[in-house]
Amino acid sequence: MNDVDDILNSTPSVASMFRLQWEEVQQCWVLLYPEGMVKLNGSAGEIMRRLNGEKTVHTLIADLEADFGTTGLQADVLAFLEIAGQQGWVNT
Amino acid sequence: MPTTPTVGPPLWLLAEITYSCPLHCVFCYNPIDYTQSGAELSTEEWFKVLRDARAAGSVQCGFSGGEPLVREDLELLVAEAHRLGFYTNLLTSGIGFTPERAKALKEAGLDHVQLSFQDSTRELNDFLSHTKTFALKQRAAELIQSNGWPMVLNCVIHRLNIDYIDKIIELAVDLGAEYLELANSQYYSWAQLNRDGLMPSKEQLERAERVTNEYRAKLGDKLKIFFVVPDYYETRPKKCMNGWGNIFLTITPDGSALPCHTAKLIKHLEFPNVKTSSVKEIWYESHAFNHYRGDAWMKEPCVSCPEKEKDLGGCRCQALMLTGDAANADPVCDKSAHHHLVQEAVAFAQVPDAQRVKVQPLVFRDPINSRKLSAKV
């Protein structure tokens, strides 16, 4: 298994320090933590809201592609998850 | 006629629910005339503030004061804020933080407790001497951990404790902190009164930064340390509160709505009150909140400065306190005609204590001093 396969088989979840929430007034998903907030753009929000610690990244990508009637999202999703991991937003 | 710039929602609600406090910190930012404040808002009045603010888009809610644990309805306020979907923060000294209250607050849905330490009773070295103050902080820290809250500690740094920054960091590690904010005192209210006694020398600051970096290297991810430098040592001011009436909404114990803790000292502005205005009216329509938004209010050197969007001319309160006009550039900026006032304060901070001829005694924050000093205002 190579690194990409490992990631595709992983089941990430939102890190416990953060709370993911839809904000009606801001019309976006946000990550809340002590005294702070990360505003997520559209695609980041759609990825984060699907993380439940049980679904694999592979399934997550398939779901996104189905929900948005598109293909070829793997590269973008993996790139985002790498950033999210560096920021501490996700547990893998 | 300058147009009102569009502004986003009041994302951060600071609920200062009481000015009562068992401590007497010399660096307190509560107004010196806090004893002249009107009657505290009732539980129901705070519920309305929370509901209004949430509907307007507030999402972070800080419960502060004074000491918020003094209010017996704190759990009710937290529960309501939680029910509304706020992320709730308790900013406390830990005094009054019993196992029963911690449990109740956890059940009410409190998300985070920020514990201050090295706050002062009348014994400034009380904490470092491991007296009962430390035992109290230890108990509070244990309650924070056992209730599953992140361990966030805040320590105000000033001339009298900056040389012990290594001990402070080690105490934070002992208490199990995950985050430590070393906040160099800003000079507002009681801290401004006591400024000469609180401002560290450049040498002290540089040493403290060095020590902090050594600990950062040693501790790695075990403890995240934030070190906030006093703005008097900069040549450009801070973007205060991220902009006047931009993100932060402070509601004081008597319901006054302010863009920051100390804005009431800007006497020519009449600040609205939540008893008579809704949060949306306050935020979007009030004269006071609109007054320093945008740049139409700016004077030189701010108005034609290429950096004005970066810091918006700094802090209005500081401009007023030091230059007499809230619309002036914050004199921390070296473009300000009044920058010498900051330089003079900094120069005095370099004078060793032993060489200071006239030493103003520290004024401790308490109701007697507040009333005495309010009479002069």
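Residues numbered from 1 in each chain as written. Chains lettered and ligands numbered in written order. Predicted model: local features only at pLDDT ≥ 70, side-chain atom pairs only at ≥ 80, totals over all residues.

Asker: Which residues make up the overall build of chain B, and what values do they have?
Answerer: Helix and strand counts for chain B come out as 14 helices and nine strands. By the compact-globule yardstick of 21 Å for 377 residues, chain B fits well, its C-alpha radius of gyration being 21 Å. On the principal axes, the C-alpha backbone points of chain B span a range of 60 × 55 × 45 Å. A buried classification covers 46% of the 377 residues belonging to chain B. Sequence-distant contacts, at least 24 apart, represent 74% of the contacts inside chain B between residues at least 6 apart. (Helix = DSSP H or I, 4+ residues; strand = E, 2+ residues; numbered from the N terminus. Rg over C-alpha atoms; globule rule 2.2 N^0.38 Å. Buried ≥ 20, exposed ≤ 12 C-beta atoms within 10 Å, placed from the backbone. Contact = placed C-beta atoms within 7 Å.)

Asker: Describe the sheet that holds strand S3 (residues 28-33) of chain A, naming the residues involved and giving the relevant values.
Answerer: All names here are of chain A. If you walk across this open sheet you meet the three strands as S2-S3-S4, and the pairing is antiparallel. The two strands at the open ends of the sheet, each matched to only one other strand, are strand S2 (19-23) and strand S4 (36-39). This sheet shows a mean twist of 35° between the axes of neighbouring strands, independent of strand direction. Pairing between S3 and S4: four bridges, direction antiparallel. Bridging from a neighbouring strand, Tyr 33 pairs with Gly 36 of S4. (Pairing = 2+ DSSP bridges. Axes fitted to C-alpha atoms, helices over the stretch in contact; angles between N-to-C directions.)

Asker: An account of the interface of chain B and chain A is needed here, citing residue identities and associated values.
Answerer: Each partner contributes to the interface: chain B provides 14 residues, whereas chain A provides 11 residues. When residues of the side of chain B that touches chain A are traced back to their parent elements, those giving at least two are strand S2 (60-65), strand S3 (87-92) and strand S4 (112-117) of chain B. Taken together, the residues of the side of chain B that touches chain A break down into seven nonpolar, seven polar and no charged. (Nonpolar A, V, L, I, M, F, W, Y, C, P; charged D, E, K, R; others polar.)

Asker: Please provide a residue-by-residue account of the pairing of strand S5 (residues 151-157) of chain B, values included.
Answerer: Residue and element names in this part refer to chain B. Most of S5 is tucked away: seven of the seven residues are buried. The sheet contact formed by S4 and S5 spans five bridges and is parallel. Looking at S5, one finds that Phe 117 is bridged to Cys 155. Taking the sense of rotation as the criterion, the β-α-β connection linking S5, helix H5 (residues 165-174) and strand S6 (residues 179-184) turns out right-handed. (Right-handed = clockwise from strand over helix to strand, strands pointing away.)

Asker: Could you give an account of the packing of helix H3 (residues 57-67) of chain A against helix H4 (residues 74-87) of chain A, naming the residues involved and the relevant values?
Answerer: In a pair of packed helices, the angle between the axes and the distance between the axes together describe the arrangement. Residue and element names in this part refer to chain A. Close contact between H3 and H4 brings their axes to 10 Å; oriented N to C, the two are set at 125°. Between H3 and H4, the interaxial angle falls into the category oblique. For H3 against H4, the interelement crossing comes out right-handed. Across from Val 57, Leu 60, Ile 61 and Leu 64 in H3, the residues of H4 making contact are Gln 74, Val 77 and Leu 81. Of the residues in the contact of H3 with H4, the class split is six nonpolar, one polar and no charged. (Parallel < 35°, antiparallel > 145°, perpendicular 65-115°, else oblique. Left-handed = near helix turned anticlockwise from the far one by under 90°.)

Asker: Tell me about the confidence of the model for chain B, and name the residues and values.
Answerer: Overall, the prediction assigns chain B a mean pLDDT of 93, with 95% of residues at 70 or greater. Here the complex is predicted with pTM 0.93, and the ipTM for its interfaces comes to 0.92. (pLDDT = per-residue confidence, 0-100.)

Asker: Provide a residue-level description of the sheet that holds S2(B), including the pertinent values.
Answerer: In a beta sheet, neighbouring strands are held together by backbone hydrogen bonds and run either parallel or antiparallel to one another. All names here are of chain B. Spatially, the nine strands line up as an open sheet ordered S7-S6-S5-S4-S3-S2-S1-S8-S9, and their pairing is mixed. Among the strands making up the open sheet, the edge pair consists of strand S7 (224-228) and strand S9 (257-258). Judged from the four bridges that link them, S3 and S4 form a sheet pairing that is parallel. Each residue of the ladder has a partner; that of Asn 89, found in S4, is His 112. Of the strands in this sheet, strand S1 (12-18), S2 and S3 touch helix H2 (residues 74-84), which is tilted by about 170° from S2. Against the sheet, helix H4 (residues 132-146) engages S4 and S5, with an angle of about 165° to S4.

Asker: Let's hear about H3(A): which residues, and what values?
Answerer: Every α-helical turn comprises 3.6 residues, leaving residues that sit three or four positions apart pointing alike. Residues and elements named next belong to chain A. What H3 keeps buried is the set Val 57, Leu 60 and Ile 61. Angularly, the buried residues of H3 cover 95° about the axis, an arc narrow enough to put them on a single face. Looking at the buried positions of H3, the neighbouring elements they touch are helix H1 (3-9) and H4. Where H3 ends, the next residue or the one after it, Gly 69, has phi of about 55°, a positive value. (Arc of directions from axis to C-beta.)

Asker: Quick one: what's the story with unusual backbone geometry, residue by residue and with numbers?
Answerer: Omega for the bond connecting Glu300(B) with Pro301(B) falls within 30 degrees of zero, at 5°, which places this linkage in the cis form. One non-glycine residue with positive phi stands out, namely Gln27(A), at about 55°. Structurally, the position occupied by Gln27(A) is in the loop between S2 and S3. A positive phi angle, near 50°, is found at Ser189(B), a position not held by glycine. Following the sequence through the fold, Ser189(B) ends up in helix H6 (residues 189-193). For Ser189(B), a count of 22 C-beta atoms within 10 Å translates into the label buried.

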